[in-house]
There are 2 protein chains.
Amino acid sequence: MFSQRCYDLGTARSVIRELFEYGKLRANEVGADKVFDFSIGNPSVPPPPAVEETLERLLTTVDPLTLHGYTSAQGDLAVREQLAASLSRRFGHPYEASRLYLTVGAAAALCCVFHALTLPGDEYIVFAPYFPEYKVFMEGAGAAVNILPPRYPDFQIDFAALDGAVNERTKAVLINSPNNPSGAVYTPETLTALGELLTQKSRKYGHPIYLISDEPYRELTYGAATPWVPDFYSNTIVCYSYSKSLSLPGERIGYVLVPPEAADADAVYAAVAGAGRTLGYVNAPSLFQRVAAQCDGLCADTSVYAKNRELLTDELGKLGYDTSHPPQGTFYYFLPTLEPDDVTFCEKAKALDLLLVPGSGFGAPGYARLSFCVPTARIEGAIPVFAALVKQYGRS
Amino acid sequence: MFSQRCYDLGTARSVIRELFEYGKLRANEVGADKVFDFSIGNPSVPPPPAVEETLERLLTTVDPLTLHGYTSAQGDLAVREQLAASLSRRFGHPYEASRLYLTVGAAAALCCVFHALTLPGDEYIVFAPYFPEYKVFMEGAGAAVNILPPRYPDFQIDFAALDGAVNERTKAVLINSPNNPSGAVYTPETLTALGELLTQKSRKYGHPIYLISDEPYRELTYGAATPWVPDFYSNTIVCYSYSKSLSLPGERIGYVLVPPEAADADAVYAAVAGAGRTLGYVNAPSLFQRVAAQCDGLCADTSVYAKNRELLTDELGKLGYDTSHPPQGTFYYFLPTLEPDDVTFCEKAKALDLLLVPGSGFGAPGYARLSFCVPTARIEGAIPVFAALVKQYGRS
């Protein structure tokens, strides 16, 4: 007498959440300092000071009826103008407010785009390793999902696989760079080749194949900046969230950008707004619309993430783990497991109170995801446990 | 190459929005004091002081990583415990945190419930006059919608019509009391009869027919308090928003309550959570979850609304308008138009810069909706215009 799909989604806890809840229980049993939980991707550094300052300024200077009132469905006009100006400055395109649709985070942005684009029979292509909720969102919009296997070990794109996968039903390809969980950042070369392939396939099938770029980790890189995807392919739709850059994941604020050069840009934008309407997204939270616009381009102090990443590379490398491909972005370390069966490996780690997420859940067996958005002390404390785990495999 | 339904929803502006935008343009032309805009239901009184105080306290005393961090998908546990305690106190039932699912406003609450409950072929019954987005949300969930005509002039329920409408495909009946746009508050007698009819029909068709109670105006009444709907029918699901009571419509915070006595309560709750997941609602905005829980049961100072309502009743009554059924709740006056064609009537009013929404848009022709959540001066200024309108009909 109710939707079985919704019931299943509501009762099946994700592997990550399951592990995270286990970690909390276990910490109560043996003490928090004895449990090395690397399961969840919750930012561990506070928002940049500008966020706190902006919040305080808004709350003390703006009329509360305006500040907390309904905005236009696509977002407050002044907010979108400010944000468009910021993006234009940062990425060198003259974006206008009318191209931006403010959303309740990246998940909402993606859902609006999938619902806007999907016609019966449509397919989306996703590259493993991938964030498992993509599939939930896409299927919720009525689309089929084709997950392509990972390109080991650099997690760039396997173009032969992509070439074979695109077909007349392909509505869009989704990318997530910097990538959760692999930490890979697509290179300009990858994006150039991707743009060329999609241009050619769009021509072949006589309709635009969109590129949906999910970029919540855009600012979290440890070397070169993340390339601006619309520079490489005109039919790109950008989905963004401030969850990671501004350490505001609970506030749910992000946007969809439909650049003017995308095919049917005006209609797609309208359909995104219409999708938001039918999904119940009246407007993105009004206070944080203003915070986001005023803090766009800023980033929390991620030096702790950089330090943790370095520590893991050095120390795990010394222990015999393969750290030859440290993450180029995000706050996830995607570590080859010491046996092919990553689930068994992670079970063995769990028995030592070391909580890692098996790569299989992301479509990339043979790896484990380690969220290093944690206090550095937790990593230092975990090194002997990693050493004990290596010993179990007779490698030290 | 995109969803026509989403495109249509994104381009068709609602009658209310259209009128509101016209009012802003017109105010620029002739001056804001010459335009009497009663189109939109935006609260005009600030949040209660406790909201501002709570915001300040939270921002200065709670660790920002916690305050702005992800919460559980169903809402922070402490928030739900506090809210459950508040509802238990207010309504005399021992509700537990596990029955509450925090949402991104009432629209999200409704969408989650519709998606959770809907199976192919299901129908919802709605009573006119009704908030037009209900239809959008229900159809978005794949359900059919049966709008029953209004019961004039008190806008309680036409039980003969309901009796004829319920059938084996009826999944739920939606009510909205206090009602937008009629201002009617269902009496205990109405709710008793509704509960009895639904109990009998549930038995007849061998499955529970749910009662979905959308209550964003619960605290906005001008006489008796709004009855607590689950007292009258066990299979009730409550959808609530703090938009109106706390004057926070832009912040998008509300909840779904699935009382334990509802049929399949645990499964329905899980399906609501699963619906939230597939629609991209990761969690309700975290800062305002806490504000809502700490301010539940409070209400903005609505004495201005009460004063405006009295002024309209007195002055429009003197002019010859039928004010014999003033609203019992909400901040809408639903006024019989001076000719049967409410659209023409509202056009005539618009020509005098008096902006009223035709009742036809809510499924109740012969009426016009007047949002009186405005400064009292606007009503005072509009009285001569209402008088001029009466004159056009040769009635004064």
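Remember, it's a predicted structure, so these values are computed and weren't measured experimentally.

Asks: Any chance you could explain the overall build of chain A here in plain terms?
Replies: Check the secondary structure of chain A and you find 14 helices and twelve strands. A compact globule built from 396 residues should have a C-alpha radius of gyration of about 21 Å, and chain A, at 21 Å, falls within 12% of that. Taken across its 396 residues, chain A has 53% of its residues classed as buried. In chain A, once contacts between residues fewer than 6 apart in sequence are set aside, the share between residues at least 24 apart is 75%.

Asks: Could you clarify how one ought to interpret the domain arrangement of chain A in this entry?
Replies: All names here are of chain A. Entries for chain A in the domain assignment read domain 1 (4-48 + 300-392) and domain 2 (68-295). Listed per partner, the contact involves 29 residues of domain 1 and 30 residues of domain 2. For the side of domain 1 that touches domain 2, the elements supplying multiple residues, two or more each, are helix H12 (303-319) and strand S9 (332-336). Broken down by class, the residue content of the side of domain 1 that touches domain 2 amounts to 16 nonpolar, eleven polar and two charged.

Asks: Can you help me understand the relation of the copies chain B and chain A in this one?
Replies: The operation relating the pair of chain copies consists of a rotation about an axis and a translation along that axis. Laying chain B over chain A is done by rotating through 180° and shifting 0.0 Å along the axis; what remains is an RMSD of 0.0 Å. Those values place the two copies in the arrangement expected of a two-fold rotation axis. Taking the C-alpha atom as reference, chain B places B:Leu279 closest to the rotation axis, 3.3 Å from it. Both copies present the same face, since 100% of the interface residues in chain B are matched by interface residues at the equivalent positions in chain A.

Asks: Sorry if this is basic, but what is going on with the nonpolar core here?
Replies: The biggest cluster of nonpolar side chains holds 251 residues, and the ones touching the most others in it are A:Val113, A:Val272, B:Val113 and B:Val272. Aside from chain neighbours lying at most four places away, what touches A:Val272 is A:Tyr101, A:Cys112, A:Val113, A:Ala116, A:Val256, A:Val258 and B:Gly10.

Asks: Looking at this structure, I do not really get the confidence of the model for chain A. What am I missing?
Replies: Reading predicted coordinates in detail is not appropriate for stretches of low pLDDT. Averaged over every residue, the pLDDT of chain A is 96; the share at 70 or more is 100%. Reported for the predicted complex are a pTM of 0.96 and an ipTM of 0.95.

Asks: What is the right way to look at the pairing of strand S3 (residues 123-127) of chain A in this model?
Replies: Residue and element names in this part refer to chain A. Of all five residues in S3, four are buried; the element is thus mostly enclosed. Here five bridges tie S3 to strand S4 (residues 144-148), and the two strands are oriented parallel to one another. Bridge assignment links Phe127 to a residue of S4, and that residue is Leu148. With helix H7 (residues 133-140) bridging S3 and the parallel S4, this β-α-β connection has right-handed handedness.

Asks: Would you mind showing me how to read the interface of chain B and chain A here?
Replies: Between chain B and chain A, the residue contacts involve 63 residues of the former and 63 residues of the latter. Contributions of two or more residues to the side of chain B that touches chain A are made by helix H1 (4-11), helix H3 (49-61), helix H4 (64-67), helix H6 (105-117), helix H7 (133-140), helix H10 (265-278) and helix H11 (286-295) of chain B. By residue number, the principal contributor to the side of chain B that touches chain A is H10(B), which donates ten residues. Classifying every residue of the side of chain B that touches chain A gives 37 nonpolar, 20 polar and six charged.

Asks: It is not clear to me how the packing of H6(B) against H7(B) should be interpreted in this structure. Could you clarify?
Replies: Helix packing for two helices is described by the angle between their axes and how far apart those axes are. All names here are of chain B. Two elements in contact, H6 and H7, have axes separated by 9 Å at closest approach and are oriented at 35°. Considering the relative orientation of H6 and H7, their crossing is right-handed. On H7, the residues touching Ala107, Leu110, Cys111 and Phe114 of H6 are Glu133, Phe137, Met138 and Gly140. Within the contact of H6 with H7, the residues separate by chemical class into six nonpolar, one polar and one charged.

Asks: Which parts of the structure should I look at to understand the sheet that holds strand S2 (residues 100-103) of chain B?
Replies: Two orientations exist for strands paired in a sheet by backbone hydrogen bonds: parallel and antiparallel. Residues and elements named next belong to chain B. Strand order in the open sheet formed by seven strands is S2-S8-S7-S6-S5-S3-S4, with mixed pairing between adjacent strands. A strand with exactly one partner marks an edge of an open sheet, and here the two such strands are S2 and strand S4 (144-148). Here the average twist between neighbouring strands, direction ignored, is 20°. Pairing geometry for strand S7 (residues 236-241) and strand S8 (residues 254-257), over four bridges, is antiparallel. Bridge pairing in S8 links Val238 to Leu257.

Asks: Explain the packing of helix H1 (residues 4-11) of chain A against H10(B) to me, please; I cannot follow it from the model alone.
Replies: Two elements in contact, H1(A) and H10(B), have axes whose closest approach is 6 Å; the angle formed by their N-to-C orientations is 85°. One way to sum up the angle between H1(A) and H10(B) is to call them roughly perpendicular. Contacts between H1(A) and H10(B) involve A:Cys6, A:Tyr7, A:Asp8, A:Leu9, A:Gly10 and A:Thr11 from the former and B:Ala267, B:Ala270, B:Ala271, B:Val272, B:Ala273, B:Gly274, B:Ala275, B:Arg277 and B:Thr278 from the latter.

Asks: Mind showing me how you'd approach the sheet that holds strand S6 (residues 210-214) of chain A here?
Replies: Residue and element names in this part refer to chain A. Strand order in the open sheet made by the seven strands is S2-S8-S7-S6-S5-S3-S4, with mixed pairing throughout. Two strands lie at the open edges of the sheet, namely strand S2 (100-103) and S4, each paired on one side alone. Strand-to-strand twist across the sheet, computed as the mean angle between neighbouring axes with direction ignored, equals 20°. Contacts from H7 reach S3, S4 and strand S5 (170-175) within the one sheet, and its direction differs from that of S4 by about 155°.

Rules behind the numbers
- Residues numbered from 1 in each chain as written.
- Chains lettered and ligands numbered in written order.
- Predicted model: local features only at pLDDT ≥ 70, side-chain atom pairs only at ≥ 80, totals over all residues.
- Helix = DSSP H or I, 4+ residues; strand = E, 2+ residues; numbered from the N terminus.
- Rg over C-alpha atoms; globule rule 2.2 N^0.38 Å.
- Buried ≥ 20, exposed ≤ 12 C-beta atoms within 10 Å, placed from the backbone.
- Contact = placed C-beta atoms within 7 Å.
- Domains from an automatic or database assignment.
- Nonpolar A, V, L, I, M, F, W, Y, C, P; charged D, E, K, R; others polar.
- Least-squares fit on C-alpha atoms with pLDDT ≥ 70 in both.
- Core = buried A, V, L, I, M, F, W, Y, C linked by C-beta atoms within 7 Å.
- pLDDT = per-residue confidence, 0-100.
- Pairing = 2+ DSSP bridges.
- Right-handed = clockwise from strand over helix to strand, strands pointing away.
- Axes fitted to C-alpha atoms, helices over the stretch in contact; angles between N-to-C directions.
- Left-handed = near helix turned anticlockwise from the far one by under 90°.
- Parallel < 35°, antiparallel > 145°, perpendicular 65-115°, else oblique.

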